[in-house]
4 protein chains.
Amino acid sequence: MSRSGKDVGDGPRIRRRRLPSLSRFGLRRGAPTLGATLGDVRTLVAQLLAGSESSSQRAAASQLVDRYSSLPDDRRRAVLRLVATEFGTDRERVDRAVAALAEVSGPGASTTRVDAERALRLALTPAYTRLGPLISALPRGVKLLVDLRADLLVLGRREAELVALDRELQAHLRTLFDIGVLELTRITWDSPAALLEKLIRYEAVNEIRSWEELHGRLVDDRRLYAFFHPAMPGEPLVFVEVALTRGIVSQLPALLADDREHTRPEQADTAIFYSITNPHSGLAGVQLGNELIKRVVDEVRRDHPHVRTFATLSPIPGFRRWYDARPADADPGLPRADDSGIAIDSVDDDRRASLLRACARYLLEARTGGRAADPVANFHLSNGASIARINWHGDPSPVGVQRSYGITVNYLYDPRAIERNARAYLGDGTIAASDDVRALVG
Amino acid sequence: MSRSGKDVGDGPRIRRRRLPSLSRFGLRRGAPTLGATLGDVRTLVAQLLAGSESSSQRAAASQLVDRYSSLPDDRRRAVLRLVATEFGTDRERVDRAVAALAEVSGPGASTTRVDAERALRLALTPAYTRLGPLISALPRGVKLLVDLRADLLVLGRREAELVALDRELQAHLRTLFDIGVLELTRITWDSPAALLEKLIRYEAVNEIRSWEELHGRLVDDRRLYAFFHPAMPGEPLVFVEVALTRGIVSQLPALLADDREHTRPEQADTAIFYSITNPHSGLAGVQLGNELIKRVVDEVRRDHPHVRTFATLSPIPGFRRWYDARPADADPGLPRADDSGIAIDSVDDDRRASLLRACARYLLEARTGGRAADPVANFHLSNGASIARINWHGDPSPVGVQRSYGITVNYLYDPRAIERNARAYLGDGTIAASDDVRALVG
Amino acid sequence: MSRSGKDVGDGPRIRRRRLPSLSRFGLRRGAPTLGATLGDVRTLVAQLLAGSESSSQRAAASQLVDRYSSLPDDRRRAVLRLVATEFGTDRERVDRAVAALAEVSGPGASTTRVDAERALRLALTPAYTRLGPLISALPRGVKLLVDLRADLLVLGRREAELVALDRELQAHLRTLFDIGVLELTRITWDSPAALLEKLIRYEAVNEIRSWEELHGRLVDDRRLYAFFHPAMPGEPLVFVEVALTRGIVSQLPALLADDREHTRPEQADTAIFYSITNPHSGLAGVQLGNELIKRVVDEVRRDHPHVRTFATLSPIPGFRRWYDARPADADPGLPRADDSGIAIDSVDDDRRASLLRACARYLLEARTGGRAADPVANFHLSNGASIARINWHGDPSPVGVQRSYGITVNYLYDPRAIERNARAYLGDGTIAASDDVRALVG
Amino acid sequence: MSRSGKDVGDGPRIRRRRLPSLSRFGLRRGAPTLGATLGDVRTLVAQLLAGSESSSQRAAASQLVDRYSSLPDDRRRAVLRLVATEFGTDRERVDRAVAALAEVSGPGASTTRVDAERALRLALTPAYTRLGPLISALPRGVKLLVDLRADLLVLGRREAELVALDRELQAHLRTLFDIGVLELTRITWDSPAALLEKLIRYEAVNEIRSWEELHGRLVDDRRLYAFFHPAMPGEPLVFVEVALTRGIVSQLPALLADDREHTRPEQADTAIFYSITNPHSGLAGVQLGNELIKRVVDEVRRDHPHVRTFATLSPIPGFRRWYDARPADADPGLPRADDSGIAIDSVDDDRRASLLRACARYLLEARTGGRAADPVANFHLSNGASIARINWHGDPSPVGVQRSYGITVNYLYDPRAIERNARAYLGDGTIAASDDVRALVG
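Because the structure is predicted, anything quoted here is derived from the model rather than measured.

## Some remarks on the relation of the copies chain D and chain C
A rotation about some axis, followed by a shift along it, carries one copy of the chain onto the other.
Logical step 1: In the superposition of chain D on chain C (RMSD 0.1 Å, axial shift 0.1 Å), the rotation amounts to 180 degrees. Put plainly, the chains are arranged around a two-fold axis. Ranked by how close their C-alpha atoms come to the rotation axis, the residues of chain D are headed by Arg121 of chain D, at 2.7 Å.
Logical step 2: Of the residues that chain D buries at the interface, 100% are likewise interface residues in chain C, meaning the two copies contact each other through the same surface.

Rendered as structure tokens:
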């Protein structure tokens with residue numbers, strides 16, 4: 001349903017692209033009509049929430065979804081705002097329930113207290129929370145809900161009611177996408193072309209430019225794993241690309257170049273996670289990536305017992321923005337602004353050292369709310385990884401230079417340290433890093 | 001996990017039988033040990049709820065589940081009671097949140113009001129609600145949660161804290177078993193034997209006595225459909241048995257006898273739902289049966305367009321208990337007590353008419369909380385069915401006589417009336433019935 | 001198509017039972033009509049063989065098969081005889097081709113010689129060989145051909161034309177059932193019930209009396225493997241039952257009793273093949289059993305690397321008949337005739353030794369055409385097995401006593417010796433046996 | 001195994017391209033070694049044919065295949081020649097068998113006559129026929145045999161022994177690829193990418209230039225069907241591309257252009273078979289294409305009952321060669337030789353009429369051995385199709401102009417006439433054609 005995708009900072013890159021028209025016959029499921037007004041929607045939602053769980057409710061939900069899908073973006077936002085504000089909590093009911101709770105709060109009256117607490121909680125639960133299950137029960141409804149949330153996220157986080165609506169939706173999606181329901185699948189060159197086509201379209205970290213290039217990422221010393229949901233068949237929820245290597249690889253070209261060297265899988269000792277993609281912004285915050293990494297580590301260890309080292313080769317998406325925004329006199333050596341085309345090949349040793357030092361400082365010290373400011377760093381550190389290496393010339397592509405002056409980072413997933421690292425990071429923000437990295441910041 | 005099954009009145013019969021030991025090698029997953037004390041559990045739960053969502057939390061959940069599974073029934077109840085009472089809401093935190101809400105309730109302060117409402121709701125949400133997702137994320141965790149709830153239901157509905165715990169668990173299971181995730185499957189003689197064995201074990205309405213009898217319920221003019229959940233492969237959640245017939249069948253023997261007549265599927269005009277089984281008491285209240293009936297009606301209509309009538313042939317489990325408990329002088333014609341062996345074949349016409357009248361009255365007038373007192377009647381009426389026929393000698397088996405003096409009922413699912421019926425019944429309790437049935441009560 | 005099954009001595013036991021009527025609705029595929037005469041068949045076959053490979057030929061083949069299937073057994077035989085005699089070779093054409101070959105037999109005329117040889121070979125190829133491919137190309141045609149051959153085998157081996165027809169049919173079936181096309185499948189309790197039902201019906205060596213007993217042969221320390229053909233889905237062509245044990249088991253009750261001991265698969269060191277069944281007599285001579293054993297040995301070795309010993313526990317179907325037919329004064333110790341109920345438990349030591357000695361002699365020395373006279377012995381020895389043990393009281397069941405005075409034999413499949421053994425046995429008839437077995441014959 | 005593919009005139013185009021190296025690691029399955037001599041091969045084959053069917057034979061066959069696969073093309077031919085000449089028939093044995101037959105040819109001696117005929121036939125059967133089953137029984141052996149025959153066909157048809165060897169191989173492949181064993185599959189955009197990649201590589205009639213173009217041939221109003229063999233999974237044996245249209249389409253661009261119009265499948269009344277590809281030259285003569293067309297007609301009729309007309313849009317590969325080779329004064333209007341670039345757009349009406357007339361004459365009158373000279377025409381006419389239309393400007397691509405001055409033909413598959421047409425054509429060569437086409441030749 002969402003037409004305008006947007007990156008959302010949920011750790012690894014999230015990307016939603018405009019889906020191609022489903023039909024070439026001019027058949028559009030619900031083309032926008034003038035008659036679709038907020039009044040209609042208000043009536044439909046009210047009917048829906050008034051009903052009990054009969055099939056008439058199902059029909060109304062289906063109608064609501066069709067109506068919504070056919071609206072242009074601006075009208076969708078108006079609808080979401082209407083739902084968030086008009087079908088939230090009933091303030092008077094809340095006040096009555098608060099009063100009722102106050103009356104039973106005497107000691108010993110436990111039964112009534114429990115009931116009164118529950119009544120208050122129900123009063124505090126926005127009416128629209130009941131819409132989620134009604135929509136996800138429709139055919140293709142789970143996907144619709146994911147897309148709906150993507151629309152909602154585009155509206156931004158400024159209005160309290162929209163934020164509240166988003167929180168409820170996220171909670172419902174978290175339960176729907178319970179890890180116990182997800183299926184881990186290795187994707188190979190024998191997978192359906194329709195699925196592989198989606199990978200090409202979705203891959204956000206290191207673009208896949210052709211079917212041949214995709215082929216190269218699925219065979220020999222490469223693996224690609226994805227999570228799927230039973231109600232969204234053929235739709236990868238999150239996928240990770242892995243290279244089996246000898247030793248940790250620090251330079252993207254060594255992994256991606258057409259003429260790269262191949263490693264025999266049975267001789268590999270290391271698995272490099274070089275790309276993690278969350279294609280659905282509507283699933284932001286549902287925490288699929290960390291589960292995927294854990295499960296893939298298990299899979300790779302089982303299939304390749306000699307692989308002992310698990311690490312990423314990751315971008316540092318926030319570094320350059322942070323670096324360029326520093327006080328003008330902080331580090332005069334490097335130009336800023338308008339110079340994405342900086343010739344990193346001709347940077348002299350001093351400036352190089354200065355940049356690497358700045359990057360280590362960014363990763364180790366720049367914080368947002370106690371967590372690492374860089375979203376990818378925050379993602380891996382939350383999972384219990386440590387910062388193992390910071391690599392000059394790790395990604396010399398224009399995008400890489402634009403993002404982080406071509407610097408890349410390896411995060412290390414050491415099975416023996418993962419729990420300890422995660423606990424420390426999620427506790428007081430302690431970041432695990434190798435001595436080499438620490439040495440950079442002196 | 002539940003060892004002692006019990007019928008739970010969720011519309012159609014629910015039955016859980018003791019599962020056979022998984023292993024013949026003396027391998028018991030977590031045999032009971034003395035060291036498993038409530039203190040251990042308290043510590044584990046506290047750790048779990050204190051943690052953030054790292055893999056250490058997963059490990060603690062796994063440990064908790066193992067510990068619980070190895071306990072004997074009485075200790076399990078003690079554990080559930082402990083969780084329900086010690087990990088519910090924090091009264092002081094609630095009071096503080098109520099106070100905070102009172103402060104921001106001035107007009108115009110909408111943002112803060114939304115936040116304060118949310119803070120109060122979170123305070124009112126029992127801590128143990130966070131255990132559900134942690135358990136369902138474990139391998140086989142969804143099944144564990146269903147079994148856990150079965151244990152909980154055995155404890156009864158008298159203690160407010162246990163009822164509250166059950167409500168949270170039910171809510172979590174409802175989302176996990178969202179209809180959008182369930183898979184409708186027709187079960188045939190080509191289905192896995194391990195699955196068919198479960199049907200034999202689970203069938204609660206009309207017992208399946210042998211593989212041959214099961215075979216007969218899967219072929220020719222018979223159909224059997226079930227819902228499955230992706231995280232519980234091979235485990236039917238609810239199943240319905242259907243006979244394709246010419247006209248509505250009112251007598252069970254005509255459906256079940258070994259030498260019954262067969263109908264050619266292409267000549268059938270009616271589908272009789274003659275058995276609906278919910279094997280998992282832990283899913284009581286999750287409302288799978290009504291969805292199953294809707295989906296199966298659609299399936300049968302698609303496969304057999306000439307089938308126009310959809311009806312059940314149902315037991316009346318509550319009739320005899322109700323009848324026998326009436327005032328002694330109400331209807332002196334029939335003996336009560338201790339006479340399950342009543343010779344219904346030799347009942348004279350007057351008594352027969354009297355019994356049928358009483359049965360119609362029971363179905364149309366006996367109420368519990370505004371709903372039909374008979375659980376099966378309540379189930380079908382809630383789905384929008386109507387009472388079409390009341391049949392003397394419909395089930396002459398000892399069980400049938402014991403349940404309802406051998407009387408059966410046909411509920412009619414008329415696609416054109418389902419919504420209207422359901423709305424009326426769920427609204428003010430109006431029961432739809434045929435003229436014949438109404439005529440019985442005069 | 002064959003109604004009257006018969007054991008055919010193709011190594012392990014072959015059994016065909018009467019299949020149940022396919023339909024309960026009185027629908028019989030082609031009920032016998034009076035009009036089905038040999039004249040009709042003659043015309044149809046002639047049309048078929050005259051045609052080129054167009055769809056009209058397909059239709060005629062289909063018609064022929066329907067006609068044939070609807071005939072009672074005696075008429076079927078008449079039809080087979082008609083085909084064998086009237087659509088064989090054309091003697092005059094053969095004579096002309098012989099004459100033509102004689103003319104070109106001069107040296108140097110190689111091209112013409114090759115052509116003349118081919119022309120003669122074609123003249124010598126019976127016309128009916130072209131029927132096979134036409135029938136196997138029909139839907140379910142491969143199965144029809146197998147059944148047709150079963151009918152043919154019932155007619156016996158006395159008439160040269162029928163034997164010739166059988167040889168052609170066998171040759172065609174051998175190519176159709178090329179090992180490269182067959183699929184090895186492990187059958188488990190998760191296999192379709194319709195398939196498991198066939199196993200119960202087919203098992204010929206050690207009867208399966210119930211679904212529960214079958215279950216016991218599929219789980220824990222038991223394995224069951226079968227070959228399938230893509231054109232006969234769901235139809236096991238040959239299947240073998242395997243027990244994983246510690247050491248070689250010599251007594252059937254130790255394998256089959258309800259209260260037998262179980263071995264943990266990971267602790268087993270031996271695989272006992274205790275039953276091999278060829279359900280389709282129409283596949284006699286197609287050599288599926290030996291391929292199955294080879295493939296299953298590979299499977300078991302792969303799944304259970306610690307299993308090092310592969311042996312059978314086999315019946316000796318021909319022993320008692322051979323023993324009882326020996327000269328009356330040969331071994332007066334044991335009664336013959338009419339005494340299948342011989343009380344082997346009360347046999348004294350001398351007679352026991354005498355019987356074991358006789359059995360060893362039977363296995364090692366009784367020959368038919370240079371091969372072991374016992375069909376099961378011949379089967380395993382041809383595969384390269386050796387005779388490892390002869391077991392008193394190996395099968396104390398009435399059938400076992402009736403077959404071989406309760407004696408069983410273990411054939412050993414030693415991967416290192418299989419080739420050598422097979423070469424020797426198929427070469428000059430040398431039988432490999434253990435020292436213990438040899439010692440018995442002194 | 002064959003490296004150098006070649007078109008073989010088996011009706012529709014057959015193409016084999018060089019397969020890419022299976023491995024990028026420098027692992028070549030059997031790289032050529034000097035030691036592989038004809039002597040080795042001779043010994044191996046002799047051993048193989050001397051052996052009985054034990055596993056040692058299997059090993060020898062495997063060794064032989066490895067040895068062969070590693071040879072360069074010229075050595076392969078020498079090996080094939082060796083097998084064809086040294087392991088054919090034994091002339092002396094033939095002569096003895098002829099003599100033996102002569103002796104028993106008296107009347108009444110039927111049994112002996114049958115045996116003597118069989119002995120002679122066996123003597124006339126080349127020894128190498130026994131190699132086929134040994135090779136096809138190997139893992140991947142069926143594919144090896146197909147490739148082996150492709151090698152053989154490259155050697156040409158001049159040497160009688162090679163022709164004889166090919167005939168035996170073809171006969172074996174015909175039985176292995178019995179229509180009863182083949183699986184018809186519709187290929188869609190959800191098929192494995194590895195399979196779709198093969199379609200792109202194999203398509204010989206109308207080149208597929210990209211994945212996007214292939215996608216367009218699999219969706220909406222397009223269908224693609226293929227036959228598969230169970231022993232060659234993922235390998236299409238023959239495939240046909242179908243367009244669902246309104247009315248017969250005569251111009252290729254209307255079917256293939258990127259901006260072509262789409263037909264809604266439910267509104268189509270015609271199915272156009274616009275491309276049939278036999279990727280495996282080793283299967284020449286196995287007659288897969290005609291079976292495929294029959295089965296696809298059935299499939300399309302079942303899925304789209306409103307589709308009533310089945311026709312091809314076919315190239316005329318032999319026309320231009322035939323036309324350009326006519327006597328110089330036959331039709332001076334058109335240039336020949338070296339002018340594939342003929343500007344057919346600027347041809348005047350007279351020349352156009354003259355070309356169409358010549359083309360009709362070519363299709364209706366040019367014969368090779370009584371059959372239509374054009375291989376595609378011969379294929380469709382043999383299947384029972386008729387010539388419906390001859391289309392100017394049907395294929396204006398350079399290849400189309402090169403092949404047939406851009407002319408295409410529609411063959412019509414009229415289900416009611418197919419049998420009659422095939423019988424007539426295969427009988428006396430009568431070609432079915434529409435009045436319009438007949439009118440062209442006057």
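## Structural notes on the nonpolar core
Logical step 1: One finds Phe177 of chain C together with Phe177 of chain D to be the most contacted residues of the largest nonpolar core, which totals 200 residues.
Logical step 2: Discounting residues that sit within four places of it in the chain, Phe177 of chain C has contacts with Val142, Val146, Leu182, His229, Met232, Leu237, Leu283, Val286 and Leu288 of chain C.
Logical step 3: Ranked by size, the runner-up nonpolar core spans 199 residues in total, among them Val142, Leu162, Ala231 and Tyr362 of chain B.

## Structural notes on the packing of aromatic side chains
Two aromatic rings, taken as a pair, are described by how far apart their centres are and by the angle between their planes.
Logical step 1: Tallied over the entire structure, the rule returns 33 aromatic pairs over all chains.
Logical step 2: Between Tyr323 of chain D and Tyr405 of chain D, the ring centres sit 5.7 Å apart and the planes meet at 80 degrees, which makes this aromatic pair edge-to-face. Residue Tyr323 of chain D is located in helix α13 (residues 319–324), and its partner Tyr405 of chain D is located in the loop between α16 (398–404) and β9 (408–412); the two are separated by 82 residues in the primary sequence. The pair formed by Tyr323 of chain D and Tyr405 of chain D is uniform in burial state, with each residue classed as buried.
Logical step 3: Pairwise contacts between aromatic rings join Phe319, Trp322, Tyr323, Tyr362 and Tyr405 of chain A into one cluster.

## Describing the pattern of salt bridges
Logical step 1: What the rule picks out here adds up to 94 salt bridges over all chains.
Logical step 2: Glu299 of chain D is the partner of Arg302 of chain D in a salt bridge, and the nearest nitrogen-oxygen pair spans 3.5 Å. In this pair, Arg302 of chain D and Glu299 of chain D are both assigned in helix α12 (residues 289–303), 3 residues apart and thus about one turn of the helix distant.
Logical step 3: A cluster of three or more residues bridged by salt bridges with shared partners is formed by Glu203, Arg209, Glu213, Arg217 and Glu241 of chain A.

## Some points on the side chain of Ser136 of chain B
Logical step 1: Tracing the sequence through the fold places Ser136 of chain B in helix α6 (residues 131–136).
Logical step 2: In contact with Ser136 of chain B, not counting residues within four places along its chain, are Asp178 and Gly180 of chain A together with Gly141, Val142, Leu145, His172 and Leu176 of chain B.

## Remarks on helix α8 (residues 160–176) of chain C
Logical step 1: With 17 residues, α8 of chain C extends 24 Å from end C-alpha to end C-alpha; this agrees with the ideal 24 Å at 1.5 Å per step.
Logical step 2: Most of α8 of chain C sits out of view: 13 of its 17 residues are buried.

## Observations regarding the interface of chain D and chain C
Note on interface size: it is often stated as the accessible area lost on association of the parts.
Logical step 1: The interface is formed by 52 residues belonging to chain D together with 52 residues belonging to chain C.
Logical step 2: Together, the buried faces of chain D and chain C total about 4,200 Å²; carbon and sulfur atoms form 54% of this surface.
Logical step 3: Per-residue buried area on chain D facing chain C is highest for Arg91, Arg121 and Leu124 of chain D; these three make up 15% of the total on that side.
Logical step 4: Here chain D is connected to chain C by 4 salt bridges.
Logical step 5: In this structure, the salt-bridge partner of Glu168 of chain C is Arg121 of chain D, at a minimum N-O distance of 2.1 Å.
Logical step 6: On inspection of chain D and its partner chain C, the count reaches 8 residue pairs in polar contact (both at pLDDT 80 or more).
Logical step 7: Going through the elements one at a time, α2 (55–69), α4 (91–103), α5 (110–124), α6 (131–136), α8 (160–176), α12 and α17 (418–428) of chain D are the ones with two or more residues in the side of chain D that touches chain C.

## Remarks on the confidence of the model for chain A
Residue and element names in this part refer to chain A.
Logical step 1: In this model, chain A carries a mean pLDDT of 84, and residues with pLDDT of at least 70 account for 85%.
Logical step 2: A low-confidence stretch, residues 1–36 stays under pLDDT 50, and its non-local contacts, those more than four residues away or across chains, total 91 contacts.
Logical step 3: Here the predicted complex carries an ipTM of 0.82, next to a pTM of 0.83.

## Re the interface of chain A and chain D
Logical step 1: Across the boundary between the two partners, chain A contributes 19 residues, which contact 19 residues of chain D.
Logical step 2: Between chain A and chain D lies a buried interface of about 1,800 Å² when both sides are counted; carbon and sulfur atoms form 61% of it.
Logical step 3: Inspection of the region where chain A meets chain D yields 8 residue pairs in polar contact (both at pLDDT 80 or more).
Logical step 4: Among the secondary structure elements, those contributing two or more residues to the side of chain A that touches chain D are α9 (193–202) and α10 (211–216) of chain A.
Logical step 5: Considering each element in turn, the side of chain A that touches chain D owes the most residues, 4 residues, to α9 of chain A.

## Structural notes on the packing of helix α1 (residues 38–50) of chain B against helix α3 (residues 73–86) of chain B
All names here are of chain B.
Logical step 1: Axis separation between α1 and α3 bottoms out at 10 Å; the angle between their running directions is 45 degrees. Comparing the axis directions of α1 and α3 gives the class oblique. Like other packed secondary-structure pairs, α1 and α3 cross with a definite hand, here right-handed. Residues Leu38, Val41, Arg42 and Val45 of α1 form the contact with α3, whose participating residues are Ala78, Val79, Leu82, Val83 and Glu86.
Logical step 2: Partitioning the contact of α1 with α3 into residue classes produces 7 nonpolar, no polar and 2 charged.

## Thoughts on the packing of helix α7 (residues 141–154) of chain B against helix α8 (residues 160–176) of chain B
Residues and elements named next belong to chain B.
Logical step 1: The contact between α7 and α8 brings their axes to 10 Å, and the two run at 150 degrees. Here α7 lies roughly antiparallel to α8, going by the angle between them. In the packing of α7 onto α8, the handedness of the crossing is left-handed. Between α7, through Val142, Leu145, Val146, Leu148, Arg149, Leu152 and Leu153, and α8, the contact on the second element is made entirely by Leu162, Leu165, Asp166, Leu169, Gln170, His172, Leu173 and Leu176.
Logical step 2: Across the contact of α7 with α8, the residue classes break down as 11 nonpolar, 2 polar and 2 charged.

## Observations regarding the pairing of strand β3 (residues 238–245) of chain A
Residue and element names in this part refer to chain A.
Logical step 1: Across the 8 residues that make up β3, a large majority, 8, are buried.
Logical step 2: Burial along β3 is two-sided: Val238, Val240, Val242 and Leu244 and Phe239, Glu241, Ala243 and Thr245, pointing in opposite directions, are all buried.
Logical step 3: Pairing between β3 and strand β4 (residues 270–277): 7 bridges, direction antiparallel. Bridge pairing in β4 places Val240 opposite Ile276.

## Describing the pairing of strand β2 (residues 222–228) of chain C
A regular strand places its side chains so that they alternate between the two faces of the sheet.
Residue and element names in this part refer to chain C.
Logical step 1: Burial analysis of β2 places 7 of its 7 residues in the buried class, which makes it a mostly covered element.
Logical step 2: Side-chain alternation along β2 places Arg222, Leu224, Ala226 and Phe228 on one buried face and Arg223, Tyr225 and Phe227 on a second face that is also buried.
Logical step 3: Across 4 bridges, strand β1 (residues 183–186) lies against β2 in antiparallel orientation. Paired with Leu184 across the two strands is Phe227, which belongs to β2.
Logical step 4: By the bridge criterion, 6 bridges tie β2 to strand β3 (residues 238–245) in an arrangement that is antiparallel. Residue pairing across strands places Tyr225 opposite Val240, the latter belonging to β3.

Reading the values: the criteria
- Residues numbered from 1 in each chain as written.
- Chains lettered and ligands numbered in written order.
- Predicted model: local features only at pLDDT ≥ 70, side-chain atom pairs only at ≥ 80, totals over all residues.
- Heavy atoms only, no water.
- Least-squares fit on C-alpha atoms with pLDDT ≥ 70 in both.
- Contact = heavy atoms within 4.5 Å.
- Core = buried A, V, L, I, M, F, W, Y, C linked by side-chain atoms within 4.5 Å.
- Buried < 20%, exposed > 50% of the residue type's maximum accessible area, 1.4 Å probe, protein only.
- Phe/Tyr/Trp six-rings, centres within 6.5 Å; stacked < 30°, edge-to-face > 60°.
- Helix = DSSP H or I, 4+ residues; strand = E, 2+ residues; numbered from the N terminus.
- Salt bridge = Lys/Arg side-chain N within 4 Å of Asp/Glu carboxyl O.
- Expected span 1.5 Å × (residues − 1).
- Buried area = accessible area lost by both parts, 1.4 Å probe.
- Polar contact = N/O pair within 3.5 Å; in protein donor to acceptor, adjacent residues only side chain to side chain.
- pLDDT = per-residue confidence, 0-100.
- Axes fitted to C-alpha atoms, helices over the stretch in contact; angles between N-to-C directions.
- Parallel < 35°, antiparallel > 145°, perpendicular 65-115°, else oblique.
- Left-handed = near helix turned anticlockwise from the far one by under 90°.
- Nonpolar A, V, L, I, M, F, W, Y, C, P; charged D, E, K, R; others polar.
- Pairing = 2+ DSSP bridges.

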